[in-house]
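Structural overview for review
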Amino acid sequence: MSNRERIDVRFKRKHLLGLEELKAEEISLILDTAENFKEVSERAIKKVPALRGITVANLFYEPSTRTKLSFELAEKRLSADSVSFSKSTSSVKKGESLRDTAENIEAMKVDIVVMRHGSSGAHKFLTEFLDASVVNAGDGQHEHPTQALLDMLTLKQRWGSFEGKKVTIIGDIKHSRVARSNIWGLTKMGVEVTLCGPPTMMPVDAHRMGEGGVRVEYDLRKAVAEADAVNILRIQLERQESKLFPSRREYLGMFGITEEVLRNAPGECIVMHPGPMNRGVEISQEVADGERAVILPQVTNGVAVRMAVLFLIAGGKSSEAEIN
Amino acid sequence: MIKWKNRSEFWITGAEIAAPGRKKPAPGCIHLKRGIIEELVWKKSVETDLPVLELDGYLLTPGFVDIHTHLREPGYEEKETIATGTSAAIAGGFTTVACMANTDPVVDDPSVVRYILDRNEQAGNCRLYVIAAVTRNLEGRDINEFGLLREAGAAALSDDGKYIANARVMRSALEYAGMLELPVISHCEEISLSAEGLMNEGYYSTKLGLAGIPAETEETAVYRDVALAGLTGSRLHVAHASTAGTVEIIRRAKERQIPVTAEVTPHHLTMDDSMLQDYDRNLKVNPPLRSREDVDIMLDALSSGVIDCISTDHAPHNEIDKEVEFDLAPPGMIGLQTAFALLNTELVETGKLGIAQLVALMTESPARVLGIPAGTLDKGAPADLAVIDPDEQWVYDRENNRSISSNSPLIGRKLTGRVQGVFVGGKWTSTV
């Protein structure tokens, strides 16, 4: 419990737009708070009154199953009042503008807006018009901070400390908000990050990403050789149109994570995936269900991390996270 | 504010005059007669019985010339009109502007050219030249009636906003335009490479998660058009050059005597892609703001003469258009009213560019590119002048902005050097 005394501080930010803007201490605060909240989900009555009277609106402009469910559960377990809105929009201008929708929702006196949106920077845009707090549940190819935080919580539970650890992120780095948030979060905590994927999926100047840069390695076997964890990104098969890789079988052969590939990795190396998985493309069936996989604990941690984020954004102290 | 009652013949005395061809401004007096420059003498005062306008402490230049403006009329009058756009122009010291063809209807018919010229006559702010479209409805397929368009008053041809993807169409356009001595202005962008691009490709596009537009998008397109200018011997002008590679291609083309000229915008001379970190839609332009290295090279290229002139690419979009997610916002920023003040603040005040050089790049040089009688103080030239207080500090804001649209990242910025007003054909208009 000494841990909890140490972190008895408030989170001073109004919004959570990304991990780029957070300091290492703030990331630690969120992870420690999440650790405290984890226990709530294990009770028979999975509810604390921490956010009673707080209203949260979940705006999902892109399809999402687990992130949306995870936020909704987090809100319910904190006793917040929440409403959800889903709308699939392609990036064409039609219907009501984002600004108008958001202002309308705020006019109904919402305290926190959780949003997923297909445009990079959409949350920054929203903060120009809203008084409510904005929590980023994924913006375009920019950031997905709560996903990275839950990945990091999973790693921390396994490792105890981040210092000196090595994580390899594999797949479509270029189009991945999960990768960007993980790179910011992990490098700030002192983790060495390696990126691996075909050059068509590697953004320009990828090595300059994060705090202090990352390693880029195109050879999968070399990329996993010293990894304490691998984080496998979902391959978006719909991107096949833009010819980022020639075929599924070639991708599986060169960048798919199989037992054979993992024989090159240290024995303790764990396997993460933000889901939804394409089994048999970026990850083999054996690995997905194997002993190294921590994919379901990631999902469990997702609820705790989102409880922590909502609680801290609403102004809660980390020590109060134990409230019954 | 300068008070002056219009007269048909008078002298302007006491000002420092920046005349193209001279290294530095110097005290001089100008004799204006019936809308024409009668005489320029390099003395601080003259003895005369004619009325005299004393402009001690002011800088006097030829009226600025902008050969790349979007006035949005006809068709998009909610963004800008010929009257408001040219009003912004004179407040920025421009006495001659040339407007692009991507209106609705497109300027691909002589009647549209005449309509625009008529509307400008009614507005009465400054001189206007019309740039007609190269291809029917800007579709890049069939070339327009250049002869009839020229007869109606078109001064140049451009599908600006779109690259003519088909090389054979561009070749025909250059050949045919060459016969009529009309320059073809090319918007160089290999669209299959920029695809869904939203900003310059580089570290910042990677960081922001915005699809990148590599410099090669522009350079491959410039290279093709330069090659076609070489093939046809016709005049090509490269609009809004923005990359180091473009500069290199144009430098080599000029060495080989290919008849090519190029322009650069004020924003590509002063702003870079690192400034997009807050997803400011007013910094979304096409071509995109490039790297700091490119910005520095563009300035060098102006100084060395590889790039010929400065053009604003004034592109109005109103708040409704721009108050959307970054990827949905149309590219473009307005610039007529701030071009001089921005460049004076960022380049002249910092010692990177001489004031006389800047004035030449905004007057004589662009006029020469289009082959129009403007931008000089020579005897017999139109009496088009800008009067500037080079030291006045002012804030560009929504109140003094004369465009209908306010899509400028400079709104709220303090700038040094303010245009006080212009003479157009000897007629004074105060703009402060």
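Because the structure is predicted, anything quoted here is derived from the model rather than measured. (Residues numbered from 1 in each chain as written. Chains lettered and ligands numbered in written order. Predicted model: local features only at pLDDT ≥ 70, side-chain atom pairs only at ≥ 80, totals over all residues. Heavy atoms only, no water.)

To continue, consider the sheet that holds strand β6 (residues 192–196) of chain A. Residues and elements named next belong to chain A. Overall, parallel pairing links the five strands, which are arranged β7-β6-β5-β8-β9 in an open sheet. Unpaired on one side and paired on the other, β7 (215–216) and β9 (270–272) mark the two borders of the sheet. Here strand β8 (residues 229–232) pairs with β9 via three bridges, running parallel. Considered in β9, the bridge of valine 230 is made with valine 271. (Pairing = 2+ DSSP bridges. Helix = DSSP H or I, 4+ residues; strand = E, 2+ residues; numbered from the N terminus.)

The next thing to look at is a nonpolar patch on the surface. Residues and elements named next belong to chain B. A surface patch of nonpolar side chains, about 290 Å² in accessible area, is lined by Ile143, Tyr176 and Met179. Mapped onto the fold, tyrosine 176 is located in helix α4 (residues 167–179). Judged by relative accessible area, tyrosine 176 falls into the partly exposed class, the value being 38%. (Patch = residues over 30% accessible without salt bridge, like charges linked within 9 Å, V, L, I, M, F, W, Y side chains within 5 Å. Areas by Shrake-Rupley, 256 points an atom, 1.4 Å probe, with all protein chains shown as cover. Salt bridge = Lys/Arg side-chain N within 4 Å of Asp/Glu carboxyl O. Buried < 20%, exposed > 50% of the residue type's maximum accessible area, 1.4 Å probe, protein only.)

What follows is about the domain arrangement of chain B. Residues and elements named next belong to chain B. Assigned domains of chain B: these are domain 1 (9–60 + 382–430) and domain 2 (65–370). The C-alpha-based centres of domain 1 and domain 2 are spaced at 26 Å. Contacts between the two partners involve 38 residues from domain 1, matched on the other side by 47 residues from domain 2. The contact between domain 1 and domain 2 buries some 3100 Å² in all, and 60% of this surface belongs to carbon and sulfur atoms. Three residues stand out in domain 1 for area buried against domain 2, namely Arg402, Ile404 and Asn407, and they jointly supply 22% of the buried area on that side. Linking glutamate 319 and arginine 398 is a salt bridge whose minimum nitrogen-to-oxygen distance equals 2.4 Å. (Domains from an automatic or database assignment. Contact = heavy atoms within 4.5 Å. Buried area = accessible area lost by both parts, 1.4 Å probe.)

Looking now at the nonpolar core. Grouped together as the largest cluster of nonpolar side chains are 81 residues, with contacts concentrated most on Leu269, Ile307, Ile310 and Met362 of chain B. Both domains that meet at this core, namely domain 1 (9–60 + 382–430) and domain 2 (65–370) of chain B, each give it at least three residues. What isoleucine 310 of chain B contacts, discounting residues up to four positions off in sequence, is Val65, Val264, Pro266, Leu269, Leu302, Leu343, Leu358, Leu361 and Met362 of chain B. With 64 residues, the next largest nonpolar core counts Trp159, Ile173, Val193 and Val294 of chain A among its residues. (Core = buried A, V, L, I, M, F, W, Y, C linked by side-chain atoms within 4.5 Å.)

Our focus in this paragraph is the layout of surface pockets. In this structure, the second largest pocket encloses a volume near 810 Å³. Forming the boundary of the second largest pocket are 35 residues, of which Gly161, Asn286, His317, Pro330 and Pro331 of chain B lie nearest the centre. (1 Å grid on protein atoms, 1.4 Å probe; cavity = no way out; pocket = protein on both sides within 12 Å on 5 of 7 lines; lining within 4 Å. Points joined across faces, edges and corners; volume = space filled by probe spheres on them.)

What follows deals with the packing of aromatic side chains. Residues and elements named next belong to chain B. A full pass over the atoms with the stated rule returns 15 aromatic pairs over all chains. Taken together, the aromatic side chains of Trp4, Phe10, Phe423 and Trp428 make up a single cluster linked through ring pairs. Looking at arginine 7, its charged tip hangs above the ring of tryptophan 4, at a distance of 4.5 Å from the centre. Just above the ring of tryptophan 42 sits the side chain of arginine 22; from NZ or CZ to the centre is 3.8 Å. (Phe/Tyr/Trp six-rings, centres within 6.5 Å; stacked < 30°, edge-to-face > 60°. Lys NZ or Arg CZ within 6 Å of the ring centre and 35° of its normal.)

Across the contact, 19 residues belong to chain B and 24 residues belong to chain A. A combined buried area of about 1900 Å² lies between chain B and chain A, and 53% of that area is made up of carbon and sulfur atoms. The largest contributions to the chain B side of the interface with chain A come from Tyr203, Thr206 and Glu325 of chain B, which together make up 31% of the buried area. Counting every contact that joins chain B to chain A gives four salt bridges. Here aspartate 278 of chain B makes a salt bridge to lysine 124 of chain A, at a shortest N to O gap of 3.8 Å. If one sorts the elements of the side of chain B that touches chain A by residue count, helix α6 (residues 203–208) of chain B sits on top with four residues. A breakdown of the residues in the side of chain B that touches chain A according to their chemical character gives seven nonpolar, four polar and eight charged. (Nonpolar A, V, L, I, M, F, W, Y, C, P; charged D, E, K, R; others polar.)

Before going further, it helps to spend a moment on the packing of helix α6 (residues 145–159) of chain A against helix α12 (residues 295–313) of chain A. Residues and elements named next belong to chain A. It is at 8 Å that the axes of α6 and α12 come closest, and there the two elements cross at 115°. Classified by chirality, the crossing of α12 by α6 is right-handed. Contacts between α6 and α12 pair Thr146, Gln147, Leu149, Leu150, Asp151, Leu153, Thr154 and Gln157 from the former with Pro297, Gln298, Asn301, Gly302, Val305, Arg306 and Val309 from the latter. In terms of residue class, the contact of α6 with α12 is built from six nonpolar, seven polar and two charged. (Axes fitted to C-alpha atoms, helices over the stretch in contact; angles between N-to-C directions. Left-handed = near helix turned anticlockwise from the far one by under 90°.)

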